[in-house]
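Chain and residue survey
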Amino acid sequence: MKYYDNLIFELSRPGRKGYELPANDFGKDAFDNLPADLMRQEAAELPEVSELDVVRHYTNLSMKNFGVDTGFYPLGSCTMKYNPKINEEVAVIPEFTAIHPLQDEKSVQGALELYYNLQKALANIAGLYEFTLNPYAGAHGELTGLMIMRSYHIANGDTKRTKVIVPNSAHGTNPASAMVAGLEVVEVKSKPNGSIDVEDLKPLLDDTVAGIMMTNPNTLGMFETEIMEIAKLVHEAGGLLYYDGANLNPLLGKVRPGDMGFDIMHINLHKTFSTPHGGGGPGSGPVGVTERLAKFLPNPKVKKNEDGTFSIITSGDSLGSISTFLGNFGVMMKAYAYILTLGKENIRNVGPLATLNANYIKESLKDDYLLPIEGVCKHEFVFDGLKDKSTHVTTLNVAKRLLDYGFHAPTIYFPLLFHESMMIEPTETESLETLDEFIDVMHKVAKEARETPEKVIEAPLTTLVRKLDETGAAKNPVLTYRHLLKENEKEAAK
Ligand SMILES: *Cc1c(COP(=O)(O)O)cnc(C)c1O
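Reference entry: report on the structure contained in this document.

A few words on the side chain of Lys-400. Of note, Lys-400 is situated in helix H11 (residues 395-404). Buried within the structure, Lys-400 lacks any salt-bridge partner; Glu-470 is the closest side chain of opposite charge, at an N-O distance of 4.2 Å. Residues within four places of Lys-400 in sequence aside, it is in contact with Ala-459, Pro-460, Lys-467 and Glu-470.

Put into structure tokens, the structure is as follows:
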């Protein structure tokens, strides 16, 4: 192990430093009046390192990671598209980053205008009336949307509408959000191609139905062709349609959820609108609604006044506040930059290109990988592992072997509809050359599985960390530095 591979605390040497704190501007007595229990009694335990130590340590660490900026990342359902660097430049403009949410409205007109314009752009893209940008993530958007659904029924005196229909192929957050919103989840069956079984849906539609949650294309990447019929049935029964638009990439610029009959939806800015994600945030899950539901949107809202200025308002019909102030503003700046960069003309190409790329990979690989559902997919599709099952090489093995070849693995073992699911989503930002390289490598791995299966089963062979003990990691997680030190001491004592 090289010196810089040590943990930052282990690089520490007494007296070494890379930074000097500025002189205390507040005077010697400035802290005398602080209560004793708020005062630090001992010096903070910080690593004592030089600037060069820190730069090498973190630069080396960053190179051990895999990201969209280092290679192809076909993780299905996650839309790991390239995030143009101009978005990052926009997001650090000090005129935006240095403002405070409690500042006078007149002094933050630019920020309010950005919020308003982005909200309008999303409404146009979605075919809905108005959006809130306040929710922090997709699941948070779902919760907000379902609270809107509930507020609507309660306002109509329809209090017994507490049932939310969720397809059994739905993203796990859908039933979870419904439960948190105090609604009851009822499952509707999917047909083998993942689309909703309309015959199974009909008997569920009674006067206790609050609504249905759907994604289209469904979890298998197939377009729900009976959506207009489903929308008619649900509306006739007095329910609302919720669209899980976390992943709007397949439809972007081509089809609008509002036109399909959806009343409420959320969008993940950190998937479709090119905000870097993974590792837990920051995210943003704007929620859009039709005109009759707009009054229930959360507080605060941004309104455009007659004279062209903007105000922050709260409304009495609103379901209340669901976030601090107006949400994750930095993420909104990136999404707005992305939308303006593409413009109305180019945004139309996103969905079709993502779809073309997915179908190109699917058709190129279906001789070696089992394709359970034939036909044109949208932005992603699912293989059920290798076609030749006699090799005993699993989806996990293939995923790990891909790392040896410099590709991130697809999503594996999701959806649960197949035993060996491998969900591939290339996105629109990849070149034909990259797609071809990936296809070549996937063929190569299939060939290895037939000829030298042990090589694939033992993979990854070239990564810093080899195959992990996943059960061990889950049962005995090492989460803190101190714990690791103790483990090291135990090791040394042996
Ligand atoms: C990612 C995703 C979600 C959840 O979004 P988070 O921001 O992770 O909460 C919900 N539904 C679908 C279909 C998704 O792909």
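Past the structure itself, the notes keep going.
Below, the discussion takes up the packing of aromatic side chains. Counting across every chain of the model gives ten aromatic pairs. Taking 5.8 Å as the distance between ring centres and 65 degrees as the angle between the ring planes, the aromatic pair formed by Phe-66 and Tyr-73 counts as edge-to-face. Take Tyr-73: its relative accessible area is 14%, and that puts it in the buried class. Centroid distance Phe-407 to Phe-438: 5.5 Å. Interplanar angle 75 degrees. Geometry classified as edge-to-face. With Phe-407 in the loop between H11 and strand E11 (411-412) and Phe-438 in helix H12 (residues 432-451), this pair connects stretches of sequence that are 31 residues apart. In this pair, the class of Phe-407 matches that of Phe-438, namely buried. One aromatic cluster is present, built from ring pairs that chain together Phe-72, Phe-407 and Phe-438.

Here the focus is helix H5 (residues 138-155). The first and last C-alpha atoms of H5 sit 25 Å apart over 18 residues, in line with the 26 Å expected at 1.5 Å per residue. Counting buried positions over the 18 residues of H5 gives 13, a clear majority of the element.

The next point concerns the nonpolar core. Nonpolar side chains in soluble globular proteins generally cluster together in the buried interior. Formed by 55 residues in total, the largest nonpolar core has its most connected members in Leu-118, Leu-122, Phe-131, Ile-212, Phe-273 and Ile-339. Breaking this core down by element, the ones donating at least two residues are helix H4 (109-126), strand E3 (184-188), helix H7 (198-201), strand E4 (209-214), helix H8 (227-236), strand E5 (240-245), strand E6 (264-267) and helix H10 (329-365). Among the nonpolar cores identified, the runner-up in size contains 31 residues, and Ile-361, Leu-386, Met-423 and Ala-446 belong to it.

Moving on to unusual backbone geometry. For the bond running from Phe-414 to Pro-415, omega is 0 degrees, close enough to zero to count as cis. As for its position among the elements, Pro-415 is in the loop between E11 and strand E12 (421-424). Omega for the peptide link from Ala-459 to Pro-460 comes to 5 degrees, which places this bond in the cis form. Assignment of secondary structure puts Pro-460 in the loop between helix H13 (453-457) and helix H14 (470-475). Located in the positive-phi region is Ser-274, a residue other than glycine, with phi close to 55 degrees. Here Ser-274 shows up in the loop between helix H9 (269-272) and strand E7 (287-289).

What counts, and where the lines are drawn
- Residues numbered from 1 in each chain as written.
- Predicted model: local features only at pLDDT ≥ 70, side-chain atom pairs only at ≥ 80, totals over all residues.
- Heavy atoms only, no water.
- Helix = DSSP H or I, 4+ residues; strand = E, 2+ residues; numbered from the N terminus.
- Buried < 20%, exposed > 50% of the residue type's maximum accessible area, 1.4 Å probe, protein only.
- Lys, Arg positive; Asp, Glu negative; His and termini not counted.
- Salt bridge = Lys/Arg side-chain N within 4 Å of Asp/Glu carboxyl O.
- Contact = heavy atoms within 4.5 Å.
- Phe/Tyr/Trp six-rings, centres within 6.5 Å; stacked < 30°, edge-to-face > 60°.
- Expected span 1.5 Å × (residues − 1).
- Core = buried A, V, L, I, M, F, W, Y, C linked by side-chain atoms within 4.5 Å.

As far as function goes, none of this settles anything; it's purely spatial.
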